[in-house]
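Reading the structure
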Amino acid sequence: MRRAALLLLTVLLALGPASVGAQIYRWVDDNGVPHFADGIDSVPDRYRGRAVPLGLKNEPAPGPSAPGAAGAKPASGGATIRFIPGQRIMVDVKINGNGEAQLMLDTGADRTLISPRALLAAGVRIAAPAGTGQIVGATGSERIQFVVVESLEVGEARVGRMPVGSFNLPTADTGDGLLGRDFLDQFNMNIDASRGVVTLSPK
């Protein structure tokens, strides 16, 4: 239940007018893991028949919106991530070439979220955010700040300058935050749940 609530929290991240009014859908993959998507078009084709609208919509973010993932520098390299089948996929990430963090891989999260502590340790200036957004959850909404990192790396897979959310997630079992689709979609990704292997390769 806590996992489902966390996924709902992250997918309801509102980053600009284009997200306003999008219906939120819930779907469950073949491994029984629930996911939430912003609009039916965001649900993989094979699961659309079982996707259920939740009657929830994104809310507009107050103030200027955060820069989009389209502003990220080109991706390069690749990586192999190993995990224990049935458990969360935790990923060792390098921020700005030196700072280290452990993020939970979440294909249901539109944006990467990293704790302020990990960002500060990597030398990121969180006092001067590049934009703001809003998280909408079951208990209300909360403002979130976005900062720009010079690079984000998983093994040899690297994305250059990109915005990430500076945010402390409410549960400790997600490590230092979430690795979202703004990073993952820069690569061809394959998740082999039976072998416990995630592969990122250049597009």
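Not measured: the values here are computed from a predicted model.

Observations concerning the overall build of the protein chain
The number of helices and strands found in the protein chain is three helices and 17 strands. Here the protein chain holds 203 residues, and 48% of them are scored as buried. Relative to all contacts within the protein chain whose residues are 6 or more apart in sequence, the contacts with residues 24 or more apart total 65%.

What about the packing of aromatic side chains?
Two measures describe an aromatic ring pair: the distance that separates the ring centres and the angle between the ring planes. Counted according to the given criterion, the structure contains one aromatic pair. Geometrically, the ring pair formed by Phe183 and Phe187 is tilted, given 5.3 Å between the ring centres and 45° between the ring planes. Of the two residues examined, Phe183 and Phe187, each falls in the buried class.

Quick word on the pattern of salt bridges
Enumeration over the complete set of coordinates arrives at eight salt bridges. Between Arg48 and Asp45 there is a salt bridge whose closest N-O contact spans 3.3 Å. Residue classification places Arg48 among the partly exposed positions, given a relative accessible area of 31%. Overall, the relative accessible area of 62% leaves Asp45 in the exposed class. Put simply, Arg181 and Asp185 hold a salt bridge, and the shortest N to O gap is 3.6 Å. Taken together, the shared-partner salt bridges in this structure form one network comprising Asp30, Arg46 and Arg50.

Considerations on the sheet that holds strand E17 (residues 197-202)
In space, the three strands of this open sheet follow the order E6-E17-E16, with antiparallel pairing throughout. Both edges of this open sheet fall to strand E6 (79-82) and strand E16 (187-192), since each of them pairs with a single strand only. Across the sheet, the axes of successive neighbouring strands diverge by a mean angle of 15°, strand direction being ignored.

Topic: the nonpolar core
Most often, soluble globular proteins have nonpolar side chains that are buried together. Core analysis: the biggest nonpolar cluster contains 30 residues, and Ile95 and Phe183 have the highest contact counts within it. With near-sequence residues (within four places) excluded, Phe183 lies in contact with Thr112, Leu152, Val154, Ala157, Val159, Met162 and Leu200. Formed by eight residues, the second largest nonpolar core is a distinct cluster that contains Ala109, Leu113, Phe146 and Leu178.

Focus on the pairing of E17
In summary, the side chains of a regular strand alternate between the two faces of the sheet. Here four bridges tie E6 to E17, and the two strands are oriented antiparallel to one another. Paired with Arg82 across the strands is Val197, a residue of E17. By the bridge criterion, six bridges tie E16 to E17 in an arrangement that is antiparallel. Following the sheet pairing, Met189 is matched in E17 by Leu200. Count of turn residues in the E16/E17 antiparallel hairpin: four residues, of which Gly196 carries a positive phi of about 70°.

As for unusual backbone geometry
A negative phi holds for most residues other than glycine; trans holds for most peptide bonds. Phi is positive for Asn96, which is not a glycine, with a value near 55°. Along the chain, the position of Asn96 falls in the loop between strand E7 (90-95) and strand E8 (99-105). Take Asn96: its relative accessible area is 21%, and that puts it in the partly exposed class.

Details of the side chain of Glu153
Tracing the sequence through the fold places Glu153 in strand E12 (residues 152-154). There is no salt bridge for the buried Glu153, and the closest opposite charge comes from Arg158, which lies 4.2 Å off by N-O distance. Look past the residues within four positions of Glu153 in its chain and what remains in contact with it is Asp92, Val93, Lys94, Gly97 and Arg158.

Reading guide: rules and limits
Residues numbered from 1 in each chain as written. Predicted model: local features only at pLDDT ≥ 70, side-chain atom pairs only at ≥ 80, totals over all residues. Heavy atoms only, no water. Helix = DSSP H or I, 4+ residues; strand = E, 2+ residues; numbered from the N terminus. Buried < 20%, exposed > 50% of the residue type's maximum accessible area, 1.4 Å probe, protein only. Contact = heavy atoms within 4.5 Å. Phe/Tyr/Trp six-rings, centres within 6.5 Å; stacked < 30°, edge-to-face > 60°. Salt bridge = Lys/Arg side-chain N within 4 Å of Asp/Glu carboxyl O. Pairing = 2+ DSSP bridges. Axes fitted to C-alpha atoms, helices over the stretch in contact; angles between N-to-C directions. Core = buried A, V, L, I, M, F, W, Y, C linked by side-chain atoms within 4.5 Å. Lys, Arg positive; Asp, Glu negative; His and termini not counted.

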